[in-house]
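Residue-level listing of the chains:
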Amino acid sequence: MQERSHFNPPKFFNSRSKDSCFTEKTPLLKTSREENGTIHHSVSLMDDESWDSSSVEWEQRCLLGNEIVSFSTSASSEKSEFLDSFPVKFNLSKLRSCLKCLKVTGLFIFGVVCSILFSTYPDHGKSWQMLAVSPLESYSVNLTEIGDSALLKLELAGSLIAGVVDRPQAEGYIVVEVTQSEDPSSRRRHPQQQVIYNWTIFLNSRRNERAVTSRTFEIITRETISINIQAFLQKNQVIPLSMTHQYLHADIETQVMIASVILVGVYGLIIFEIVHRTLAAMLGSLAALAALAVIGDRPSLVRVVEWIDYETLALLFGMMILVAIFSETGFFDYCAVKAYWLSRGRVWAMIIILCLIAAILSAFLDNVTTMLLFTPVTIRLCEVLNLDPRHVLIAEVIFTNIGGAATAVGDPPNVIIVSNQELRKMGMDFAGFTAHMFIGICLVLFVSFPFLRLLYWNKKLYNKEPSEIVELKHEIHVWKLTAQRINPASREETAVKCLLMQKVLTLEFLLKKKLKTFQRQISQEDKNWETNIQELQKKHRIADKILLIKCLTVLGFVIFMFFLNSFVPGIHLDLGWIAILGAIWLLVLADIHDFEIILHRVEWATLLFFAALFVLMEALAHLHLIEYIGEQTALLIKMVPEDQRLTAAIILVIWISALASSLIDNIPFTATMIPVLLNLSQDPEVSLPVKPLIFSLAIGACLGGNGTLIGASANVVCAGIAEQHGYGFSFMEFFRLGFPMMLVSCTIGMCYLLVAHVALGWNS
């Protein structure tokens, strides 16, 4: 009995270790049952059976005892090491808890302060004044309640064309003259009216189209400001307009500085992973709204909601529903096996095929749609081949952004450029834009593939752990959580907690042993790919062929409508509407009863991140950050000598656009830079052709999205889907690969434009 009482507890502690040495597949529930069964079986043998067993059984028991003693010794040594390092671990955990408490407290105080500032300043609203001007009758108004304001913001609405300096073919224009009385302390005897600003706005020939344009004027003195609006038309007709004004309490330099600090803060939260990127965008939006409230430009809730691009959110939501239903058919597994067959077991051939297909598809589809379709296929393929999906996904999304720049419909900045009416009148049509960009992007792709291989030279693609190791890590995690939840209030509870910690130490020792074995078995190329193909084809087949036919029919129609929407103007459906309608059709055809399962697969965090990002970027635009970047770019170009101005303009526009698009959303940046470049080309002092500037903007804005994780919408979508599948990658992981690729691709695009427009003179 003494021998039994001494022998049973070690057997209890190390039964998993014994089993694991023979079978290396031990799920948690199965292991627990086996251990319990082993304990009861051993006790019944001791109580019921006689001690005169056969020699074979006795030898097995002796071997078992030796193995248990060895594992007990190793576990005891591990335990002693753990106890020795316990004070250090305790101090580190205490430091982490203090830092976490400090982070939560600081962010909470920051949120409370921004909320108080936003609620303190009221929303004055906009009172629009209806007015009518003509060549024979002007409109004048005096503004007296200036106070301590630094800027005056005027907004005009009507049949106007915003952001154009000179347009000789325009039917007419209006001039807004802002004047202000001189300071009474002036030494002059007779105060005179001093003209401060003249603002010229051209009229749109389509009188039924309404546009809103605004401009900010600096207030020099505290005296009365007079506004005079005069129309200059070829015919004597009345032009109806609406006007509103607003006083701002900070100058443009201060607003730009505040916007820059907010943007740096948001990037700091995302880069160092202090909080989730969605919460970082929400905090940045709150800070930007509080800044607008303080300077006197607090937006209303309706206005903030209007800043959100619902077409993009609808496109994402609809395609996420389609992909969620599509994944039930097993089609992604089937595509993964086919891609493995095409690559003939060679990993890099497979990666190049995936990146090339993604680049080609994104040239005709939206790159967000391409990544929504490609990310699940890539993840399933990497799981089948025991690859780490993160490196392959980053490579795919980089080439998706590159391929999207090749056509006029592949990337949102290109869509904005081609749809601009002023550029269309200057000869920037769909075919010409696509032909010019296609040549440059082909050169970029030709150089990017070898450079990608160079970046991945020392990276281990086969670093995904097998299922046995993943299960063992999960089991260790469960045992640790169970031990942490036990409060050692009594002797029995303390003993149970020690038993669980002993279990954890034993499993960690086994994990180290398996990891060493796994590292020795890793190979960089699959030698037996033909045998594996046969096994994979038997294992991964189409699960539901009828549902697959329905999904392919609806998805094919949706993609066809995407193409048709780009070329046929008679279709009055945006991309978001097409995706939503396709999702509704497929939900009806698939006869989905458990709707919650489909909704769980929607990336709600990604959708919320985009909504917060739209608000943040629009608020930063209202703080004049994007406008300031455009104006400084124009000033730099004007400083260059005339014979080198075109070369300098191409270089500056490409790199400023690339760097800005990697930090802020390229959609508002492109929309802001187009009027700046138009004005620059029409300035008689500069005399630059507009097409090289626009192509430089397109290459910089599209390829610059590869610089950071939030530089392009496709990056965020890919990261969100990968995170949902358990393969999320951080900001720095993307930055290490994306930023060098952005530098190389922009350099190749710059060289192409310099040769085409400076050396060969393709400026017409």
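- Under the annotation held in an unreviewed UniProt entry, the chain carries the name OCA2 melanosomal transmembrane protein and is attributed to Sarcophilus harrisii.
- If you open the UniProt record of the chain and go to Subcellular location (unreviewed entry), you find "Membrane".

**Describing the overall build of the chain**
For step 1, the next point in the chain: What the chain contains, in helices and strands, is 28 helices and 9 strands.
For step 2, the next point in the chain: With 764 residues in all, the chain has 47% of them scored as buried.
For step 3, the next point in the chain: Partitioning the contacts of the chain with sequence separation of at least 6, the portion at a separation of at least 24 is 83%.
For step 4, the next point in the chain: Accessible surface for the chain amounts to roughly 38600 Å². Of this, 61% is attributable to carbon and sulfur atoms.

**Comments concerning the packing of aromatic side chains**
For step 1, the next point in the chain: Here the structure, examined in full by the defined rule, presents 15 aromatic pairs.
For step 2, the next point in the chain: Ring centres of Tyr267 and Phe731 lie 5.9 Å apart, and the angle between their planes is 85 degrees; on these two criteria the pair is classed as edge-to-face. Here Phe731 lies in helix 28 (residues 731–759) and Tyr267 lies in helix 5 (residues 252–271), a separation of 464 residues in the sequence.
For step 3, the next point in the chain: By relative accessible area, which is 7% here, Tyr267 ends up buried.
For step 4, the next point in the chain: Ring geometry for Phe610 versus Phe614: centroids 6.2 Å apart, planes at 35 degrees, classification tilted.

**Examining the side chain of Arg303**
For step 1, the next point in the chain: Along the chain, Arg303 falls in helix 7 (residues 301–307).
For step 2, the next point in the chain: Dropping the residues within four chain positions of it, Arg303 is found in contact with Lys126, Lys153, Asp297 and His622.

**Structural notes on the side chain of Asn414**
For step 1, the next point in the chain: Tracing the chain through its elements places Asn414 in helix 13 (residues 412–418).
For step 2, the next point in the chain: Among residues more than four places away in sequence, those in contact with Asn414 are Gly404, Ala405, Thr407, Ala408, Phe433, Ala698 and Cys702.

**Focus: helix 24 (residues 645–663)**
For step 1, the next point in the chain: End to end, helix 24 covers 27 Å across 19 residues, agreeing with the expected 27 Å (1.5 Å per residue, within 8%).
For step 2, the next point in the chain: Taken as a whole, helix 24 has its buried residues at Arg645, Leu646, Ala648, Ala649, Ile650, Val653, Ile654, Ser657, Ala658, Ala660, Ser661 and Ser662.
For step 3, the next point in the chain: Elements in contact with the buried residues of helix 24: helix 5, helix 23 (625–638), helix 25 (666–682), helix 26 (690–703) and helix 28.

**A look at the environment of Met437**
For step 1, the next point in the chain: The residue Met437 is located in helix 15 (residues 430–455) in this model.
For step 2, the next point in the chain: Linking Met437 and Ala698, residues 261 residues apart in sequence, is a C-alpha distance of 8.6 Å.
For step 3, the next point in the chain: If near-sequence neighbours (up to four positions away) are discounted, Met437 is found in contact with Ala405, Ala406, Phe695, Ala698 and Ile699.

**Structural notes on the pattern of salt bridges**
For step 1, the next point in the chain: If you walk through the whole model with that rule in mind, you get 5 salt bridges.
For step 2, the next point in the chain: Across the pair Asp297 and Lys153 runs a salt bridge, and its minimum N-O distance is 3.5 Å. In this pair, Asp297 sits in the loop between helix 6 (277–295) and helix 7 while Lys153 sits in strand 3 (residues 151–158), placing the two residues 144 residues apart along the sequence. By the burial criterion, Asp297 is buried, and Lys153 matches it.
For step 3, the next point in the chain: With its nearest N and O atoms 3.6 Å apart, the salt bridge here joins Asp297 to Arg303. In terms of burial, Asp297 and Arg303 fall into one category: buried.
For step 4, the next point in the chain: Shared partners join several salt bridges into a network, and the residues in it are Lys153, Asp297 and Arg303.

**Some details on the sheet that holds strand 1 (residues 129–133)**
In any sheet, the strands associate via hydrogen bonds between backbone groups, in a parallel or an antiparallel arrangement.
For step 1, the next point in the chain: The 4 strands lie next to each other as 1-9-3-7, forming an open sheet whose pairing is antiparallel. Strands with a single pairing partner mark the edges of an open sheet, and in this sheet they are strand 1 and strand 7 (211–218). Ignoring strand direction, the axes of neighbouring strands in this sheet form an average angle of 30 degrees.
For step 2, the next point in the chain: In terms of strand pairing, strand 3 meets strand 7 through 8 bridges, oriented antiparallel. Across the sheet, Ala157 pairs through a bridge with Val212, a residue of strand 7.

Analysis parameters
Residues numbered from 1 in each chain as written. Predicted model: local features only at pLDDT ≥ 70, side-chain atom pairs only at ≥ 80, totals over all residues. Heavy atoms only, no water. UniProt positions renumbered as here; feature names shortened; annotations may be inferred. Helix = DSSP H or I, 4+ residues; strand = E, 2+ residues; numbered from the N terminus. Buried < 20%, exposed > 50% of the residue type's maximum accessible area, 1.4 Å probe, protein only. Contact = heavy atoms within 4.5 Å. Areas by Shrake-Rupley, 256 points an atom, 1.4 Å probe, with all protein chains shown as cover. Phe/Tyr/Trp six-rings, centres within 6.5 Å; stacked < 30°, edge-to-face > 60°. Expected span 1.5 Å × (residues − 1). Salt bridge = Lys/Arg side-chain N within 4 Å of Asp/Glu carboxyl O. Pairing = 2+ DSSP bridges. Axes fitted to C-alpha atoms, helices over the stretch in contact; angles between N-to-C directions.

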